[in-house]
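# Chains, contacts and geometry: an overview
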Amino acid sequence: MVIKDRVLEVYPDNVSAELIAHTRYITALTPQILGDAAMLAVDPDFHAKLKNGGVMAAGWNFGCNSSREWAPAALYHSGVKLLIARSFARIFYRSAINIGLVIMECPNITEWVKRGDELETDVATGAIRNITAGVSGKGTVLPESLLRIMTAGGLMEVLKAESGKK
Amino acid sequence: MTITEKIMARAAGLSSVTPGEIVDVQVDRVFSHEKLGPLFFDKFRELGLTVWDKERAILFADHGNPPSKASDADLIVKTGKFAEDYELPFYNGEGICHQLMPEKGYVLPGTVVVGTDSHTTTYGALGAFSTGFGSTETAWIFNKGKIWMKVPHTLLFKVSGKLGAGVMGKDLALHIMKLLGPDGANYRAIEYTGGAVKALSLDGRMSVCNMAVEAGAKNGVIEADGKVEAFLKGRTDQAYEMVKSDPDAVYEKVFEIDGDSLPPTVALPGSSSNSAPVGEAVGTPFTRALLGTCTNGRMEDFRVAAAILKGRKVHSKVRLQVIPASRGIFRQCIDEGLVQIFLDAGAIWCNPNCGPCAGGHYGLLGKDEVCVSTSNRNMPGRMGDSSAKIFLASPAVVAASAVNGKITDPRDYL
């Protein structure tokens with residue numbers, strides 16, 4: 001899976017799952033409401049920025065604290081195509097893969113990408129090319145089984161295939 | 001092997017495991033609640049899935065109960081309906097999952113307990129391996145009873161001596177947050193040991209393990225002992241094993257803390273890792289106080305706070321909200337005369353639930369309000385408006401401060 005798109009913003013360290021999908025905006029658990037709530041408590045301009053690029057970059061420990069799957073779900077439904085962070089908090093990391101939000105860990109990403117840069121990222125090989133700045137880097141590659149879950153649209157899709165329904 | 005490695009090995013059907021190894025773990029109990037279960041209920045039905053063991057999957061309505069919004073009411077109805085259709089135990093309004101899971105005998109030493117809540121780490125206080133998962137993976141566990149996990153490296157905290165008067169498990173938890181920072185234990189297990197940990201009550205140990213996740217830990221764990229056995233008496237008839245770490249267990253890092261000299265500790269607003277000795281915050285005025293939650297809504301917490309509040313009044317500018325973690329605790333507070341003390345002091349006594357801690361209802365903070373709370377999180381907006389400031393502290397600090405109207409060292413009130 002290769003994703004070519006612009007960086008909508010570079011977010012700081014320790015962005016909390018609570019703020020990625022804040023309780024005050026989640027009035028019901030629908031894709032529309034979740035997507036609209038994404039990042040509002042962190043960055044009120046998130047949705048405007050998303051019009052200029054579908055790639056999010058972030059620092060260490062993205063998605064920390066709460067276990068709320070609302071957080072990766074909000075990003076997924078908002079239309080984020082790829083999220084690259086220096087590291088992720090454990091529950092967020094698993095949940096993102098399990099709902100099919102495309103994520104990648106790259107320990108130095110915030111050092112060589114900035115808002116507006118165009119990136120070409122190959123999720124299967126970890127290769128990240130910053131076309132705008134003319135530099136490249138490498139992200140962590142997921143084990144084959146997890147990569148399959150993430151790119152298939154998540155764990156429920158795997159269960160669906162297993163249960164013979166489509 | 002460490003406690004965590006031993007429990008994971010047993011649950012994976014292996015004689016031993018090593019950190020970094022990915023294993024398929026058999027879960028003993030799994031739970032969800034009305035805020036995060038509804039994210040998978042529809043899909044679960046649509047796919048025609050079944051629950052692997054009806055006595056091992058438990059549901060709660062605790063985060064916003066009774067609901068203050070119709071949309072919250074809908075989530076509770078949905079959770080109740082799922083429990084009814086799949087014939088699962090459902091606790092609706094009886095208290096917080098992290099108190100009821102141990103209280104109802106669902107958490108035993110040596111077992112694996114998981115759920116859709118980050119504070120599932122609490123049960124390590126009973127010598128269990130317990131950790132949080134997202135909703136989708138929890139659906140998988142409801143269906144299969146198994147889940148893959150990476151065996152974590154373990155950080156060991158040795159706390160020597162004995163915590164002083166007016167110093168509680170919560171102070172230790174906040175002090176450890178300072179040492180680790182918000183991601184210092186990411187993907188790792190934390191094991192707590194030493195004389196000061198052994199001397200803690202089970203309630204105090206639950207506060208400590210509750211906050212393990214705030215440093216990113218997969219789980220927090222304390223070797224089970226007679227205090228755990230005493231608690232479980234009459235709550236379970238199942239046999240269990242009190243797992244101990246081997247003398248030659250390998251730890252990634254060992255931290256030593258002198259329990260005797262640990263002062264009451266508070267976390268300044270913004271992050272639980274912004275913690276400092278209470279002296280650095282003494283004198284800060286505030287108007288809202290919260291005593292309760294899955295961190296500090298238990299008997300020891302109310303006994304300590306009541307001892308300070310007895311014969312005193314909550315400051316006229318402070319609203320002190322008291323929320324027991326379960327109906328059983330509420331009842332015991334009545335029996336011990338504690339409710340009377342809180343009411344006489346001018347506190348607001350509430351029904352058991354998560355309260356405003358998760359920012360959903362029931363005592364939210366408005367613009368620029370300052371709150372001193374026994375809960376576990378204080379990032380901007382956690383309990384309401386983003387401009388509100390939250391100091392995290394022990395029940396002793398909250399009670400003493402509520403009397404004074406300013407953050408106060410509880411040792412002045414003993």
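Scroll up a little and you will see the structure.
Residues numbered from 1 in each chain as written. Chains lettered and ligands numbered in written order. Predicted model: local features only at pLDDT ≥ 70, side-chain atom pairs only at ≥ 80, totals over all residues. Heavy atoms only, no water.

### Looking at the overall build of chain B
The condition that has to hold: A run of H or I in DSSP counts as a helix once it spans at least four residues, and a run of E counts as a strand once it spans at least two, with each numbered from the N terminus. Here the globule rule reads 2.2 Å times residues to the power 0.38, and the radius of gyration is calculated from C-alpha atoms. Using a 1.4 Å probe on the protein chains alone, a residue whose accessible area is under 20% of its type maximum counts as buried, one over 50% counts as exposed, and one in between counts as partly exposed. Residue contacts are defined here by distance: any two heavy atoms, one from each residue, within 4.5 Å place the two residues in contact. Reported accessibility uses the Shrake-Rupley method at a 1.4 Å probe radius. Residues are deemed covered only where the shown protein chains occlude them.
Of regular secondary structure, chain B possesses 14 helices and 18 strands. Taking 2.2 N^0.38 as the reference for a compact globule, 414 residues should give roughly 22 Å; the C-alpha atoms of chain B span a radius of gyration of 20 Å, in line with that estimate. A buried classification covers 63% of the 414 residues belonging to chain B. The contacts of chain B with a sequence gap of at least 6 include a subset with a gap of at least 24, amounting to 75%. Here chain B has roughly 13,900 Å² of accessible surface; of this, 51% comes from carbon and sulfur atoms.

### Brief notes about the pattern of salt bridges
Heads up, the rule is: Any carboxyl oxygen of Asp or Glu that lies within 4 Å of a side-chain nitrogen of Lys or Arg is treated as forming a salt bridge with it.
In this structure the tally under the stated criterion is 29 salt bridges over all chains. For Glu18(A), the salt bridge is made with Arg68(A), and the minimal N-O distance between the two is 3.5 Å. Highlighted residues: Glu18(A) in helix 1 (residues 17-20) and Arg68(A) in the loop between strand 2 (55-58) and helix 4 (70-78), separated in sequence by 50 residues. When salt bridges that share partners are traced, they join Glu18(A), Arg68(A), Glu214(B), Arg377(B) and Arg382(B) into one network.

### Regarding the packing of aromatic side chains
Residues and elements named next belong to chain B. Basically, it comes down to this: Ring geometry is summarised as follows: Phe, Tyr and Trp rings, the Trp one being its six-membered ring, pair when their centres sit within 6.5 Å, and such pairs are stacked at plane angles under 30 degrees, edge-to-face over 60 and tilted between the two.
Evaluated as defined, the whole model comprises 23 aromatic pairs over all chains. Look at Phe-31 and Phe-60: their rings are 5.9 Å apart centre to centre, the planes differ by 85°, and that puts the pair in the edge-to-face class. Here Phe-31, found in strand 2 (residues 29-33), pairs with Phe-60, found in strand 3 (residues 57-61); they are 29 residues apart in sequence, far enough to count as distant. With relative accessibility at 0%, the residue Phe-31 sits in the buried group. For Phe-60, a relative accessible area of 0% gives the class buried. Taken together, a centroid distance of 6.2 Å and an interplanar angle of 70° make the contact between Tyr-91 and Tyr-106 edge-to-face. Of the two residues, Tyr-91 sits in strand 4 (residues 90-92) while Tyr-106 sits in the loop between helix 4 (97-103) and strand 5 (112-115), which places them 15 residues apart along the sequence.

### Considering empty space enclosed by the protein
Rolled over the atoms, a probe sized like a water molecule indicates the empty space that remains. Quick note on the threshold: Of the two site types, the cavity is a set of points on a 1 Å grid over the protein atoms alone where a 1.4 Å probe fits but cannot get out, and the pocket is an open set with protein on both sides within 12 Å along at least five of seven lines, each lined by residues with an atom within 4 Å of a point. Grid points are joined across faces, edges and corners, and a volume is the space filled by probe spheres set on the points. Three residue categories are used. Nonpolar comprises Ala, Val, Leu, Ile, Met, Phe, Trp, Tyr, Cys and Pro, charged comprises Asp, Glu, Lys and Arg, and polar comprises the others, including Gly. An automatic or database domain assignment is the source of the domain bounds shown.
Taken as a whole and judged by the stated rule, the model has 5 cavities of 30 Å³ or more. One number sums up the size of the largest cavity: a volume of about 310 Å³. Residue lining of the largest cavity: 28 residues in total, with Arg68(A), His63(B), Asp117(B), Ala358(B) and Arg382(B) positioned closest to the centre. Among the elements of the structure, helix 4 and helix 10 (293-296) of chain B are those that each provide at least two residues to the lining of the largest cavity. Here the lining of the largest cavity is composed, by residue class, of 8 nonpolar, 15 polar and 5 charged. When residues of the lining of the largest cavity are assigned to domains, at least three fall in each of domain 1 (3-258) and domain 2 (266-413) of chain B. Of the volumes computed, that of the second largest cavity is approximately 130 Å³. As for the second largest cavity, its lining consists of 16 residues, of which Asn65(A), Ala89(A), Arg90(A), Val213(B) and Gly216(B) are closest to the centre. No other element matches helix 5 (residues 90-99) of chain A, which puts 3 residues into the lining of the second largest cavity. Taken together, the residues that form the lining of the second largest cavity break down as 7 nonpolar, 7 polar and 2 charged.

### Points about unusual backbone geometry
All names here are of chain B. In this structure, the amide linkage connecting Asn-65 to the following residue, Pro-66, adopts the cis form with an omega of 0°. Look at Tyr-362: it is not a glycine, yet its phi comes out positive at around 65°. Assignment of secondary structure puts Tyr-362 in the loop between strand 16 (348-349) and strand 17 (370-373).

### Description of the layout of surface pockets
In this model, the largest pocket occupies a volume close to 630 Å³. Forming the boundary of the largest pocket are 27 residues, of which Leu29(A), Pro31(A), His77(A), Leu39(B) and Lys43(B) lie nearest the centre. Counting residues per element, the ones that place at least two in the lining of the largest pocket are helix 2 (31-37), helix 4, helix 5 and helix 7 (155-162) of chain A together with helix 2 (38-46) and helix 3 (70-86) of chain B. Considering every element that reaches the lining of the largest pocket, the biggest residue donor is helix 2 of chain B, with 5 residues. Here the residues of the lining of the largest pocket are counted per class, giving 13 nonpolar, 8 polar and 6 charged. Around the second largest pocket, the lining is made up of 21 residues, and of these Tyr93(A), Trp148(B), Lys150(B), Tyr187(B) and Lys218(B) lie nearest the centre. Going through the elements one at a time, helix 5 of chain A together with strand 7 (146-150) of chain B are the ones with two or more residues in the lining of the second largest pocket. Here the lining of the second largest pocket gets 4 residues from one element, more than from any other, and that element is helix 5 of chain A.

### Digging into the interface of chain A and chain B
Interface size is commonly expressed as the accessible surface area that is lost when the partners come together. In plain terms, the rule: The term buried area denotes the loss of accessible surface (1.4 Å probe radius) that occurs when two parts are joined, taken as the sum for both partners. N or O atoms within 3.5 Å of each other form a polar contact, as long as, within protein, one can give a hydrogen and the other can take it, and as long as residues adjacent in sequence are counted only when both atoms are side-chain atoms.
Contacts between the two partners involve 38 residues from chain A, matched on the other side by 46 residues from chain B. Across the interface of chain A and chain B, roughly 3,500 Å² is buried in total on both sides, 57% from carbon and sulfur atoms. A per-residue breakdown of the area chain A buries against chain B is headed by Arg90(A), Arg94(A) and Met156(A), which together make up 22% of the total. Our count for the chain A to chain B interface comes out at 3 salt bridges. Two residues, Glu18(A) and Arg377(B), come together in a salt bridge whose shortest N-O distance is 2.8 Å. There are 22 residue pairs in polar contact (both at pLDDT 80 or more) connecting chain A and chain B. Those elements giving two or more residues to the side of chain A that touches chain B turn out to be helix 1, helix 5 and helix 7 of chain A.

### Things to note about the state of the cysteines
Formally, a disulfide is one covalent bond, and it connects the sulfur atom of one cysteine to the sulfur atom of another. Note the cut-off: Two cysteine sulfurs form a disulfide in these notes if their separation is within 2.5 Å.
One pass over the full model with this rule turns up 0 disulfides over all chains. Looking at Cys106(A), it has no disulfide partner, and the nearest cysteine sulfur is the one in Cys64(A), 19 Å off. Cys106(A) gets classed as buried once you look at its relative accessible area, which sits at 0%. Of all cysteine sulfurs in the structure, the one in Cys294(B) sits closest to Cys209(B), which takes part in no disulfide; the separation is 12 Å. With relative accessibility at 0%, the residue Cys209(B) sits in the buried group.

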